[in-house]
Each structure stands twice: as C-alpha cells, then as structure tokens.
Amino acid sequence: MPITDAHMHVGDFPTFGVRLDEDRLAPYLAENGIDAAMVFHQDNAMVRRVIQDIPGAYGLYWANPKLGDPVPELREYLEDPKFRGVKLHPLMDGFHPDDPMVWPIIEVLIEHDLPALIHCGHPIFSLPWSIEELIARYEDAKIILGHMGHGNVIYIDASIGVAQRHPNVWLETSGMPMSVKILEAVQKVGADRVMYGSDGPWHEPRVEQLKVQLAGLSPEDLDAVMHGTAQRLFLGV
Ligand SMILES: [Zn+2]
C-alpha cells in the first residue's frame, strides 16, 4: 500500500537532540516504506536543496512571521513545483495563529490553492481553539491541524470538533497516540480529511504508521488516510 507522509523534518534540531542529516532523507524514506513526503525545516533553502533530486520528496515553506514579512520569499518558493504549502509553528516561533501577521501568508496560500500545516496541541499558542479563530476568518483556506491535538485527549477531541465545524480543516495524525481517535476522526469528518504524518525524525515513521493501521479503518479509508487524502490535498492528484 503506498504511503504519503504529510509531516517530516530534515536537518538538525540541536536544542532537542533530534536530527535527520540531509544525505539521510532518501534512504530514510525508503527504509520506512514512504513513497511521498512533505518535508520542512526553518532553513527553507536547505530543504529546497535536499528535496530537489529526491522523487517523492516535497517541501512546505516554513513561514515565521516574527522574522519579518515572509510573503515575498514565500511567493518565490511557491513558484517551485516541489513546494506544496506552508508550515506554521506558532508554539516554537511564538505567535498567535490568528495574529494579523499570519493573514497575508494565508491569503497567498488561498491564491495558490495550497494548504497550511499548523502545529496543534500545546498551550499557549497552538491550541485548536486558537487556530480555529484563523480558520473561521478564512473559510477558503485549507488548514491542517498537525498532530490533531497531540498527546492530550482534551485537545484531540477539540481538534476533531474544529474539523467537524469547518469543512476547510484536515487532521494529521503524527504524535497523537490514540488509534481509537483516528477511527473516530474518520467517522466524524471522513477519511478524505484525515491524513497520516510521522513527524520523523521526532517520531518513528513505522510506529506512526502502525498506529493508523491498528485504528480499525476499512481498507478504503486506510488507503485514503495513509496516502490518497494527502496526495489530493498537496499534489492535486
Ligand atoms: Zn513536526
């Protein structure tokens, strides 16, 4: 069964003791049975260099509005067909997801019909209710709740609730430990709005895959969550 991984990092994260060296990305995808992956790091130029020659590797532009207006550079990156959207990390970069600084980024994505993957699951800046403020403001934007609430069942349930209230929301499974919540998400919003991600190398892709495979989904829904939904959203296929 083909696998598309909606959430993968490359490069060094020395603060956290986590790394996937640039030259390890291609073997890492192969070792983990991953056919396509959305890859990102704060160093967008490095990501562009790394993914260029790896079939199946795509980039999400890491936009940090705290560092100044990212829109000119974002537009430039989105001209490269290897870049398929934006990663926002309100927790790590320290901004409210509905801060006016974020709005121009979302407007560019609407123009390109590409999604934003937003880290979701930790106070103070990345809780689902805060991201919902942005989602409600931009009903034409495509927003992925990365980690779908992460490790806290209150935030997980709230993330599913946000997706139920807003048809422009997708849920991504990385780092969220409860297989039963993947099944619940598919039942409540449909397999066409739930997608597998690993958050590798922070999490082991094969563990993250097994978590989805054990959720009790029908074969068709499992295929959508592991592959089809992300293919359609990021690549339009
Ligand atoms: Zn991540």
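As a reminder, the structure under discussion sits directly above these lines.
Residues numbered from 1 in each chain as written. Predicted model: local features only at pLDDT ≥ 70, side-chain atom pairs only at ≥ 80, totals over all residues. Heavy atoms only, no water.

S.K.: What exactly am I supposed to notice about the coordination of the zinc ion here?
M.R.: Ideal coordination angles are 109.5 degrees for a metal with four donors arranged tetrahedrally and 90 or 180 degrees for a metal with six donors arranged octahedrally. Surrounding the zinc ion are the protein donor atoms H7 (NE2), H9 (NE2) and D199 (OD), at 2.0 Å. Each donor residue of the zinc ion lies on the same chain, and together they follow the pattern H-x1-H-x189-D. Taken as a pair, H9 in strand 1 (residues 4-9) and D199 in the loop between strand 10 (194-195) and helix 9 (205-213) lie far apart in primary sequence, 190 residues in all. Accessibility classification places H9 together with D199 in one group, the buried group. (Donors = N, O, S within 2.8 Å, 3.2 Å for Na, K, Ca; no water. Helix = DSSP H or I, 4+ residues; strand = E, 2+ residues; numbered from the N terminus. Buried < 20%, exposed > 50% of the residue type's maximum accessible area, 1.4 Å probe, protein only.)

S.K.: Would you mind going over the sheet that holds strand 6 (residues 83-88) with me for this structure?
M.R.: Backbone hydrogen bonds hold the strands of a sheet together, and the pairing may be parallel or antiparallel. An order of 1-4-5-6-7-8-9-10 is seen for the eight strands of this open sheet, with the pairing classed as parallel. Pairing within the sheet leaves two strands with one partner each, and these edge strands are strand 1 and strand 10. Sheet topology note: the strand 4 (residues 36-40)/strand 5 (residues 57-62) ladder contains three bridges and is parallel. Paired with A37 across the two strands is A57, which belongs to strand 5. This element, helix 3 (residues 71-78), spans strand 5 and strand 6 of the sheet and lies at about 145° to strand 6. (Pairing = 2+ DSSP bridges. Contact = heavy atoms within 4.5 Å. Axes fitted to C-alpha atoms, helices over the stretch in contact; angles between N-to-C directions.)

S.K.: Help me understand the side chain of R193, please; the structure alone is not making it clear to me.
M.R.: Its place among the elements puts R193 in the loop between helix 8 (179-189) and strand 10. Here R193 is buried and forms no salt bridge, its nearest opposite-charge partner D192 lying at an N-O distance of 5.1 Å. Looking at R193, its side chain comes within polar contact range of the main-chain oxygen of A163, at 3.0 Å. Each residue touching R193, except ones within four places of it in the same chain, is listed here: A163, H166, P167, V169, W170, L171 and T229. (Lys, Arg positive; Asp, Glu negative; His and termini not counted. Salt bridge = Lys/Arg side-chain N within 4 Å of Asp/Glu carboxyl O. Polar contact = N/O pair within 3.5 Å; in protein donor to acceptor, adjacent residues only side chain to side chain.)

S.K.: In this structure, what is going on with the packing of aromatic side chains? I would like to understand it.
M.R.: One pass over the full model with this rule turns up six aromatic pairs. Arranged with centres 5.0 Å apart and planes meeting at 80°, the rings of Y77 and F83 form a pair that is edge-to-face. Judged by its relative accessible area of 1%, F83 is buried. An aromatic cluster of at least three residues, connected via ring pairs, comprises F13, F16 and W202. (Phe/Tyr/Trp six-rings, centres within 6.5 Å; stacked < 30°, edge-to-face > 60°.)

S.K.: Can you walk me through the nonpolar core in this structure?
M.R.: Most often, soluble globular proteins have nonpolar side chains that are buried together. Counting 64 residues, the largest nonpolar core has L25, L88, I106, I143 and L145 as its most contacted members. Beyond its immediate stretch of four places on either side in the chain, L88 contacts A63, F95, V102, I105, I106, L117, I118 and H119. Counting residues in each nonpolar core, the second largest holds 15 residues, with F40, Y58, L233 and L235 among its members. (Core = buried A, V, L, I, M, F, W, Y, C linked by side-chain atoms within 4.5 Å.)

S.K.: Sorry if this is basic, but what is going on with the pattern of salt bridges here?
M.R.: Side chains carrying opposite charge are able to pair once their charged atoms draw close together. With the rule as written, the count across this model stands at 12 salt bridges. A salt bridge links E22 to R49; the shortest N-O distance between them is 3.1 Å. You can see E22 sitting in the loop between strand 3 (18-20) and helix 1 (25-31) and its partner R49 sitting in helix 2 (residues 44-51), a full 27 residues away along the chain. Since its relative accessible area comes to 37%, E22 is described here as partly exposed. Among the residues examined, R49 registers a relative accessible area of 51% and is labelled exposed. A salt bridge links E31 to R24, with the nearest nitrogen and oxygen atoms 3.2 Å apart. Sharing partners across several salt bridges, the network here consists of D157, K181, E184 and K188.

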